[in-house]
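# Observations on chain architecture
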Amino acid sequence: MAKDIVLDVKDLKVEFDTYGGVVKAVRGVDFQVERGKTLGIVGESGCGKSVTMQSIMGLIPMPPGRITSGTAKLDGLELLKVSPEKARSIRGKEIGMIFQDPMSSMNPTMKIGKQIAETLIVHRGYSEEKALNEAKRLLDRTKIPEAHKRASQFPFEFSGGMLQRAIIAMALACKPKLLIADEPTTALDVTIQEQILDLLKELQTEDNMSIIMITHDLGVVARMADQVSVMYAGQVIESGSVDEIFYKSSHPYTIGLRQAMPVNDEQNSTKLIPIEGSPPDLFSPPKACAYYARCPYAMEVCNKQDPSYTMIGETHRAKCWMQDARAPKNDDLHQAHL
Amino acid sequence: MMEIELNQKQTNSTPRSAPAMSDIKSTSDNLDSFFKPAIKQDESLHGLSRPSLSYWQDAWIRLKKDKKAISSLFLVSFILAFSLLGPLFWTVDPNEQNLNMISQGPSFGSEAIIANREMLGELIVDENIPEEPLEEILPLAATESLEVLGTANTVGVHLKWQAVPGAYNYTIYRNEMEPTSISELGVPLFTTEYANELSYIDSLQLEAIPYWYSIVATDGVDEAMTYTSIQVTPKLAYSLDQARAISNDYKLGDSISIGAHPFGTDQLGRDVMARLMTGGRISFFIGFFAPLLYILFGTLYGGIAGFVGGRVDGWMMRFSDFVVALPFLLFMILSYIAFGAGPGESGIVPMMATMVALLWPATARLVRGQVLQLREEGFTQAAQLLGASSWYILLRHMIPNTIGVILVTLTFAIPSAIFTEAFLSFIGMGVAPPNASWGVMSNEGIATMLNTPHELIFPAIFISLTVLSFNLLGDGLRDALDARMRSRE
Amino acid sequence: MKKYIFSRVVQGILTVFFIATATFFAMHLVPGDPLMDAKAMTPEIRANLEAKYGLDQPVLVQYSTFMKNMLLGDFGISFTQKNRSVNDIISEHFPVSAVLGVLAILYAALGGILWGALTAKYRNKWPDHVIMVLVILGISVPNFVVAAVSQWATVNLNELAGTSILPVAGWGEFSNMILPAMALGLSTMAYLTRLMRNSMLDVGNSDYIRTAKAKGLKASRIFVQHELRNSVLPLITILGPAIAAITTGGFVVEKIFAIPGLGRYFVQAVQQLDYTVIMGLTVFYGAFLVFMVIAVDVIYGLIDPRIRLAK
């Protein structure tokens, strides 16, 4: 069955010039997003998730940023090579984006309604009044009570959860094909998180929209994602369907993440195991496997040469020497920590 | 644990899947032997660790990297040394007036001759020429020659010119710039009475600077349209009386050596460099002590308010809000008058008193904020839980953590105090003449600004450079001491 | 918000009351008496004068008379210029200072916003470096030096051009106002430039600007609608101190440029110890400054929705 791919990213590499030298923030990332489906991108802070998304959106400041290689095709349109003006017309219209901290993501001195209306005025050419009415409808659609009144309020008059709804309304104003949600629930209370995720799912089905859900919370991934890519030190180290990632974790880092995730299961309560150490310095990324220093299964080869991807299933692949035929068989990888 | 388990389970399993990339295959033979658990050095897990530095060491290292701050530090030290140590080497009395040396530009020592008017010769009256011309010749020509008789000096300049046929008399002009047309000659210096007066001795407030003398013939009513100019730079000269005031041995024609004035002299002939030094002492005195006092008071006030908290804090802060609202300069003037410092009396004491009385609230607010914040910090609460006394917390946690902020405040307060001193002295309410301060000197310099700008420019440069370097040093210190306060200069 | 304005105004009235009291007693602390300098004064004239100025009354009576008069807006009669009331002096000379001050503030604010925005846009490029060097100079050079040097430079410029490009002293024409307003506003402009630059950089790095970019807004729209407004808002908070700085700066600038403003008059009164003028003008200036600061705070509250609605 041919998959309906909305976004296809291949071998994306991004560098930044800084005073300390060149930071290789993204070092060859591939992923695909299917129409109407959700791709979860998981990784700890500084692993290049956000930079990857910003490159796709054309939001990397250049200089100091630099995209050194790769392609990113949105329905066949090469995003990395379009003119800045074209990239601008895609942002907000074809691709929507929502951010981590709703409180700081809205202009504090502009009314909510107007901030949403702006998008419509710019991309749809609506009149001010029409845009404002549509903004109220959108607020209503994201289940904000008294949307009419709320539209003429300022961000500081909203609670975090309400504000995130308003931001979602803003991002979806032009019915984008793709929504990039950069840790949309991290700054919110747990109960509010649930509501926001439900809302996103609902709106996704209505609009047949694709979502890239960036998070470090595996719980969010489990709820939302169809496919998952796990990133580490600027690379995708494992990707596959949600089930494959959760039940057939094939990279020690994915396993580590899972062990560090709390499970709500009274009978099977296991101790949380933190991943020791910290990610490598991306000023001079390791020549071989970037996870070597923290990997409990590390072999000598891991420090000699970078592993390539091993296909484990049809969509499941991992970038680890443990998957090599010559590696010692290790049941731990699949069994020990489920 | 994991690695041991792994060791035990080493078996040759069948490959599940081949490596996808071909580049690995090419080297795979060499890699076979490396598929065994790695023995990692401990550091590899934790990355690089740096030697730990104390707060001040770290700050000093950061400050040293800031070129602007370090050059400012040098500049401040230099100006400080100039003011404090300078008088040890430059022993000229800053209040000694020398009326022969009024408003002289910078010089590094020169000679003056002792002269009087007689040495310049007699005025020339040509008996061959009638007092009034016999016939009218129009238009009048310019004189064909204009020369200086004897040595031109600041006692007098003797000019001689050749008669112009038909002239009734002559008008002499003196300019400090070269005249380019007859309209630029300005006001005449002197007009002769008769046509046969062919020389003139100018002794009107001469200085040792270049002058342009111009002679225009007149027909008794109107001036000719042409003129002849000559450039003369008189030599510095003392009259015999002036010389005798220094030593009785001097006689006419002798030379007197004049001391150097690297920054020139002012309008009373006082040495500007010596005055800059004493002025600097006053500026720095006020600049250091006033801020030191009010910052100390503000620190105590804010510290107590923050530490005690509650209602006391509320009232104390309300009072400080009240003090903030008082217009500083008005109170300065009030206290200047109330202290009985009449016009022309020194206002240093009222100046210091007002600064201390009114400027502390900013520091108090800052320190209070810092103390309140520190009270909420984990380490303070931990210390409290462990039973540490208030004094211990104050000494061990509060003071070390606020001292950086206070130091930065002090660095910015110094230039603003120097600024205030200069401003008040400038409007006549600070240091009173004849005492020197940079503000007083600027004020006096403005009067003569157009002719001798050095009298304004040197004190102005000293004020500006001092304020500038303290400001830059403050920026640097702030960046170095607290990354959170880091400015993005 | 109404409650806030009310409490600020009450606080302001109290402050002015304190200033008036302090002024009165400061004047009474002065050794000697105000009529001491007047020569050839017969006891009768002296008694008449004392009666005229109320100096024969006990201090507390004098104080209450003074406060009553202040409340009624009657600032008394000058000691040195007989028959000229302080009210006359204020109404004649204050408008001059006000015009100069408003011009200086406008010049400082427009310049500060413009240069600040420019430095932030060209951060770490040469326009930024050049302007920031000038800013640090503007902050460090006292206003009387700026005034004197600009006057000196203009004199030379006029001489060089052979015609009067700008008048260097006096008052009346708009051309008279340019040089003093620039000299007076320079340091405030420098402060505002620095503040505006920091504010622009803060706003530029903020999440909501990232949001605006992600919405696909045009750069010009982002700048005008989102960056500029939010960057300029914090500048309003230093307008209070700026007004104070420009008012007191007027004291020297008016002196140097021979402008018949109130500041010059005030300095002159202090130098001549003209007691009633000093008292009247101190209270007047005090009230002016205190209420300007309150006005600025209230205006800021009205403009910034976060404060307007919170209070």
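Quick note: structure is the one above.
First, a word on scope: everything that follows refers to the structure included in this document. The structure displayed is predicted, hence computed values, not measured ones.

With that settled, the discussion passes to the overall build of chain B. A tally of regular secondary structure across chain B gives 16 helices and ten strands. The long-range fraction of contacts in chain B, counting pairs at least 24 apart against all pairs at least 6 apart in sequence, stands at 75%. Carbon and sulfur atoms make up 59% of the accessible area of chain B, which totals about 25,200 Å².

Bringing the overall build of chain C into the picture now. Regarding its fold elements, chain C presents 13 helices and zero strands. Counting helices and strands in the order they occur from the N terminus, chain C gives α-α-α-α-α-α-α-α-α-α-α-α-α. C-alpha atoms of chain C, sized along the principal axes, occupy 85 × 60 × 30 Å. The buried share of chain C, taken over its 311 residues, is 49%. Of the roughly 14,400 Å² that chain C leaves accessible, carbon and sulfur atoms contribute 68%. Across chain C, 25 positive and 18 negative side-chain charges occur, with their mean positions spaced 17 Å apart.

Residues and elements named next belong to chain B. Remark: helix α8 (residues 272-308) packs on helix α9 (residues 310-324), axes separated minimally by 7 Å, with the N-to-C direction vectors making an angle of 150°. For the element pair α8 and α9, the recorded crossing hand is left-handed. Counted together, Tyr301, Ile304, Ala305, Gly306 and Val308 of α8 and Gly310, Val312, Asp313, Met316, Met317, Phe319 and Ser320 of α9 form the full contact between these two elements.

Residues and elements named next belong to chain B. Spatial ordering of the open sheet is given by β5-β4-β7-β8, a layout of four strands whose pairing is antiparallel. Because the sheet does not close on itself, it has two edges, and the strands there are β5 (190-191) and β8 (228-232). Direction of pairing for strand β4 (residues 169-175) relative to strand β7 (residues 211-218): antiparallel, over a ladder of seven bridges. Paired with Tyr170 across the strands is Ala217, a residue of β7.

We now examine the pattern of salt bridges. On inspection of all chains with the given rule, the structure shows 30 salt bridges over all chains. Residue Arg141(A) is joined to Asp207(A) by a salt bridge in which the shortest nitrogen-to-oxygen separation is 2.8 Å. Here Arg141(A) is found in helix α5 (residues 128-141), whereas its partner Asp207(A) is found in helix α8 (residues 190-207), with 66 residues between them in sequence. Note that Glu444(B) and Arg270(B) form a salt bridge whose closest N and O atoms lie 3.6 Å from each other. Here Arg270(B) lies in the loop between β10 (255-258) and α8 and Glu444(B) lies in helix α15 (residues 438-447), a separation of 174 residues in the sequence. For Arg270(B), a relative accessible area of 2% gives the class buried.

As a further point, take a negative patch on the surface. Together, Glu127(B), Glu131(B), Glu132(B) and Glu193(B) give the surface a local cluster of negative charge. Of note, Glu132(B) is situated in the loop between β1 (110-114) and β2 (146-153).

Turning to a nonpolar patch on the surface, a few remarks are in order. On the surface, Trp56(B), Trp391(B), Leu395(B), Ile399(B), Ile403(B) and Leu407(B) cluster together into a nonpolar patch covering about 620 Å² of accessible area. It is helix α14 (residues 390-426) of chain B that contributes the most residues to the nonpolar patch, five residues altogether.

Definitions and cut-offs
Residues numbered from 1 in each chain as written. Chains lettered and ligands numbered in written order. Predicted model: local features only at pLDDT ≥ 70, side-chain atom pairs only at ≥ 80, totals over all residues. Heavy atoms only, no water. Helix = DSSP H or I, 4+ residues; strand = E, 2+ residues; numbered from the N terminus. Contact = heavy atoms within 4.5 Å. Areas by Shrake-Rupley, 256 points an atom, 1.4 Å probe, with all protein chains shown as cover. Buried < 20%, exposed > 50% of the residue type's maximum accessible area, 1.4 Å probe, protein only. Lys, Arg positive; Asp, Glu negative; His and termini not counted. Charge placed at Lys NZ, Arg CZ, Asp CG, Glu CD. Axes fitted to C-alpha atoms, helices over the stretch in contact; angles between N-to-C directions. Left-handed = near helix turned anticlockwise from the far one by under 90°. Pairing = 2+ DSSP bridges. Salt bridge = Lys/Arg side-chain N within 4 Å of Asp/Glu carboxyl O. Patch = residues over 30% accessible without salt bridge, like charges linked within 9 Å, V, L, I, M, F, W, Y side chains within 5 Å.

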